[in-house]
Amino acid sequence: MKFFIDTANLAQIKEAQDLGVLDGVTTNPSLMAKEGIKGQDNILKHYVDICNIVTGDVSAEVISTDFDGMVKEGEALAKLHPRIVVKVPMIKEGVKAIKYFTGKGIKTNCTLVFSAGQALLAAKAGATYVSPFIGRLDDVSTDGLALINDIRIIYDNYAYKTQILAASVRHPMHIIDCAKLGADVATCPLSAILALLKHPLTDSGLAQFLADAKK
Ligand code: G3P
């Protein structure tokens, strides 16, 4: 399973890249705002800065909600860097835009997916990635991981190439469960990736080995 980091924070992206296990980055307008990135020029420059840190795909989201606007924005984003993936919301105009980008060879990430039907549409439109938001489903007492399982079954039934990118991942068990269910990618906060490292028996075992090495 690929690991993406879900942030626009350059220091965190660099830390994850330096760990050697990072396969890409996802951003969204909320994550950009959280870093205080404002104004079109600064936003575009920030995407390029991210692309220059990592070696994998970098999702950059359009904010238009009409087909023409999404196409204009998406084409400009795609021109920024070969690693840019145009992130498009799961709405009617978005599906049309994904189909258009697919025809142009521009990679897409269909975001804000909360149902298997939406994921099926994204795959039929040719999305490179589909982003089911598992944490936000859990937040409303709906099983986010069950959605990953449903999408995996549907995509495997028809050999759709769209990659399942589990999003809104909140903790290490989400990552492990996504891996068990066959998600292609999990996009995670740095804290969830680093939490995978932790086990008290590792810490106590290492302390013992280091103590014994001094004997
Ligand atoms: O990748 C989507 C993600 O940023 C949403 O996460 O925690 O805001 O639901 P969250």
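Residues numbered from 1 in each chain as written. Predicted model: local features only at pLDDT ≥ 70, side-chain atom pairs only at ≥ 80, totals over all residues. Heavy atoms only, no water.

> What exactly am I supposed to notice about helix α9 (residues 172-181) here?
Here α9 has its buried residues at His 174, Ile 175, Asp 177 and Cys 178. Where α9 is buried, its residues meet β1 (2-6), α7 (134-139), α8 (144-158), β7 (163-166), β8 (185-188) and α10 (190-195). Note on α9: the residue one or two positions beyond its end, Gly 182, has a positive phi of about 90 degrees. (Buried < 20%, exposed > 50% of the residue type's maximum accessible area, 1.4 Å probe, protein only. Helix = DSSP H or I, 4+ residues; strand = E, 2+ residues; numbered from the N terminus. Contact = heavy atoms within 4.5 Å.)

> Looking at this structure, I do not really get the environment of Ile 164. What am I missing?
With respect to the element layout, Ile 164 can be found in strand β7. Remark: the alpha-carbon pair of Ile 164 and Ile 63, spanning 101 residues in sequence, is separated by 22 Å. Contact partners of Ile 164, with chain neighbours within four places excluded, come to Val 130, Pro 132, Ile 148, Ile 151, Arg 152, Tyr 155, Ala 183, Asp 184 and Val 185.

> Is there a simple way to explain the packing of helix α6 (residues 116-124) against α8 in this structure?
Working note: a packed helix pair is described by the angle between its axes plus the distance between those axes. Where α6 contacts α8, the axes come no closer than 9 Å and their chain directions differ by 40 degrees. With respect to their mutual orientation, α6 and α8 come out oblique. As α6 packs across α8, the resulting crossing turns out to be right-handed. On α8, the residues that touch Ala 116, Ala 119, Leu 120 and Ala 123 of α6 are Leu 147, Asp 150, Ile 151, Ile 154 and Tyr 155. Per-class residue counts for the contact of α6 with α8 are 8 nonpolar, no polar and 1 charged. (Axes fitted to C-alpha atoms, helices over the stretch in contact; angles between N-to-C directions. Parallel < 35°, antiparallel > 145°, perpendicular 65-115°, else oblique. Left-handed = near helix turned anticlockwise from the far one by under 90°. Nonpolar A, V, L, I, M, F, W, Y, C, P; charged D, E, K, R; others polar.)

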